[in-house]
Every structure is written in C-alpha cells, then in structure tokens.
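A closer look at the structure
Each chain, written out:
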Amino acid sequence: MPGEWIRVPVGEDSTRWTTRGGCRQVLLVVHNVTSATRLLDVVGLFRDDLRVQLTATCPGTSPFRSGLPELLAALGVPVLPWEQALAVSPDLAVSASFGGRLREVKGALAIISHGVGYNKKLATTGSREPGAGSREPGAGSREPGAGSREPGAGAHGGAGR
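My aim in this report is to walk through the structure given alongside it, one point at a time. (Residues numbered from 1 in each chain as written. Predicted model: local features only at pLDDT ≥ 70, side-chain atom pairs only at ≥ 80, totals over all residues. Heavy atoms only, no water.)

1. A word on the environment of Val29
So the rule is basically this: Labels follow the DSSP assignment, with helices taken as runs of H or I lasting at least four residues and strands as runs of E lasting at least two, numbered in each case from the N terminus. Accessibility here uses a 1.4 Å probe with only protein chains present; expressed as a share of the type maximum, an area under 20% marks a residue as buried, one over 50% as exposed, and anything in between as partly exposed. Residue contacts are defined here by distance: any two heavy atoms, one from each residue, within 4.5 Å place the two residues in contact.
Secondary-structure assignment places Val29 in strand β1 (residues 24-29). Given the relative accessible area of 0%, Val29 is considered buried. Along the sequence, Val29 and Ala96 sit 67 residues apart, while their C-alpha atoms lie 7.6 Å from each other. Apart from residues no more than four positions distant in its own chain, Val29 is found in contact with Leu39, Thr57, Pro59, Trp82, Ala93, Val94, Ser95, Ala96 and Leu102.

Structural data, given as structure tokens:
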C-alpha cells in the first residue's frame, strides 16, 4: 500500500528479518522519471556490493511523477514512503534534483546533475561568422577563394601576390 511503512530492511526491528547485517544504507531520492533515469546510472555502483543496502523514496513534490511507481518497482529496491525515509538515517542519500524537502533527509546528501545542460553553461565561439572556430586557413573570410589551398587564391589584387 502506498504510504505504508515497510518493515524490512529499514523498519522497526528490521534486523530480526534482514539476511545481511552491518550494511551501509544508500537512499535514492527520486523526484520524477527524468531524475530516476539519471539515478539509474549510479545504481550500478551499489547494486552488486553486498556491503550496501539500497533503498529509494519519492518526496512527491514533482508534478511529473507519471510512470514513477512502475519504474521503481522494476528497479527492484525497497521503496520507502517519504515520511519513513525522513525517519531513517542513511549513510548516503543521492538525488538528481534540488527539489522537495531534501534538507530534511538525514545523513550525507549527494546531488548529481539530472541531464544534459543541467547546471551547465553553453559554450559559445563569440562569433556568428560562418567557419568561426574552424582551424582551416581563411575560414570565415568573405573573400572569394578564402580557405582554398591553391596558391594565390583569396589574395588581394589577383594571383601571384
């Protein structure tokens, strides 16, 4: 049931039921499908490490949550209701978004970018001239023959100069 607290692996008296003890807890804070797909890139760092117990939660603050329950179910990690996630103390929480009540999550928090262009500046050449940034001789020149490798092409006053 959504909202019902889970008992294993982080619930009250969960040590009674867990098969591995002494694991580090890593909590994935999943805001929406876009951030989830980015978090899938880091799941591989933890999934096969038997020293790590991976869990997930959704703060419920993003309006773009369609498909998220299905994606989390396919991930195969225990999903904690948000309020339970705030009650546990993971060793590390990982999010791909600054949204929601992240400051309330206990433990260390790592925020990774959730896609191309997120927190990045666009590189510009500073010019709109054709060929700007090209390494070809004469690139961007408006002279006839500029950039040609023919002797005298593009030279002022004709060939041979």
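2. Quick notes on the side chain of Ser95
Rules: The term polar contact refers here to a pair of N or O atoms within 3.5 Å; inside protein, the definition further demands a hydrogen-donor-capable atom paired with an acceptor-capable atom, and it admits residues adjacent in sequence only when both atoms are side-chain atoms.
Following the sequence through the fold, Ser95 ends up in strand β4 (residues 92-95). Taking relative accessible area as the criterion, Ser95 reaches 0% and is therefore assigned buried. Polar contacts involving the side chain of Ser95 include one to the main-chain carbonyl oxygen of Ser97, which spans 2.7 Å.

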